[in-house]
Amino acid sequence: MPKPKYHILVCANTRPPGHPKPSCGSAGSQQLLMAFNMGLMQRGIQPGEVLVTGTGCLGPCEQGPTVVVYPTGTWYAKVTEADVTAILDEHIVKGQPVEKLRPDSVWN
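Residues numbered from 1 in each chain as written. Predicted model: local features only at pLDDT ≥ 70, side-chain atom pairs only at ≥ 80, totals over all residues. Heavy atoms only, no water.

Q: For the side chain of Thr55, give the residues involved together with the corresponding values.
A: When you line up the elements, Thr55 lands in strand S2 (residues 50-55). Apart from residues no more than four positions distant in its own chain, Thr55 is found in contact with Leu9, Val10, Cys11, Ala12 and Asn13. (Helix = DSSP H or I, 4+ residues; strand = E, 2+ residues; numbered from the N terminus. Contact = heavy atoms within 4.5 Å.)

Q: Just give me the short version of a nonpolar patch on the surface, but keep the residues and values in it.
A: On the surface, Met34, Met38 and Met41 cluster together to form a nonpolar patch covering roughly 330 Å² of accessible area. Position of Met38 among the secondary structure elements: in helix H1 (residues 29-42). Judged by its relative accessible area of 34%, Met38 is partly exposed. (Patch = residues over 30% accessible without salt bridge, like charges linked within 9 Å, V, L, I, M, F, W, Y side chains within 5 Å. Areas by Shrake-Rupley, 256 points an atom, 1.4 Å probe, with all protein chains shown as cover. Salt bridge = Lys/Arg side-chain N within 4 Å of Asp/Glu carboxyl O. Buried < 20%, exposed > 50% of the residue type's maximum accessible area, 1.4 Å probe, protein only.)

Q: Requested: an account of the side chain of Thr66, with residues and values cited.
A: Its location among the elements puts Thr66 in the loop between S2 and strand S3 (67-70). By relative accessible area, which is 2% here, Thr66 ends up buried. Setting aside residues no more than four positions away along its own chain, Thr66 makes contact with Leu9, Val10, Cys11, Cys24, Leu58, Pro60, Trp75 and Tyr76.

Q: Can you tell me about the pattern of salt bridges, naming the residues and giving the values?
A: For the structure on display, the rule yields 1 salt bridge. With a shortest N-O distance of 2.6 Å, Arg43 and Asp89 are connected by a salt bridge. Pair noted here: Arg43 is in the loop between H1 and S2 and Asp89 is in helix H2 (residues 81-93), with a separation of 46 residues, a long-range link.

Q: Lay out the sheet that holds strand S1 (residues 6-11) in plain terms, naming residues and giving numbers.
A: Pairing in this open sheet of 4 strands is mixed, and the strands run S2-S1-S3-S4 from one edge to the other. Looking along the sheet, the strands with just one partner apiece sit at the ends: S2 and strand S4 (74-76). Direction aside, neighbouring strands of the sheet carry axes that sit 20° apart on average. For S3 and S4, the ladder comprises 3 bridges, and the chain directions are antiparallel. By the bridge assignment for S4, Val68 is matched with Trp75. (Pairing = 2+ DSSP bridges. Axes fitted to C-alpha atoms, helices over the stretch in contact; angles between N-to-C directions.)

Honestly, it's all geometry; don't read function into it.
Structure below.
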C-alpha cells in the first residue's frame with residue numbers, strides 16, 4: 001500500500017451516561033466517520049489515498065467532535081456532518097484548511 005496523502009483522525013471516544021465530562025462519541029462522531037468514508041467514495045478518491053481512523057480521546061472534549069487532518073496537523077472542533085463536505089472538498093481535494101471552520105481554534 002502506498003503512503004496515504006492524508007490521514008483524517010476522528011475522535012470516537014465515549015464515556016458512560018452521566019459522566020461529568022462530555023465525549024465526542026456522544027456528540028455524533030460515529031456519523032462523522034461514516035460521512036467521511038462515504039464522501040471519499042463519492043469523490044472517487046481511491047482506497048488508501050486518504051485514511052479515516054476513529055480514535056480514542058484527543059483531549060479537547062468540550063469542543064467535540066474533534067477531527068485532525070495530517071500531515072498538516074490541522075485540528076477542527078465541533079465538527080458536524082455538514083462540515084464533512086467542506087473538509088473533503090477544500091482540505092483534502094484542494095489542500096487548503098477550511099477557514100470558515102476556524103482550524104486550530106481548539107488551541108485558542
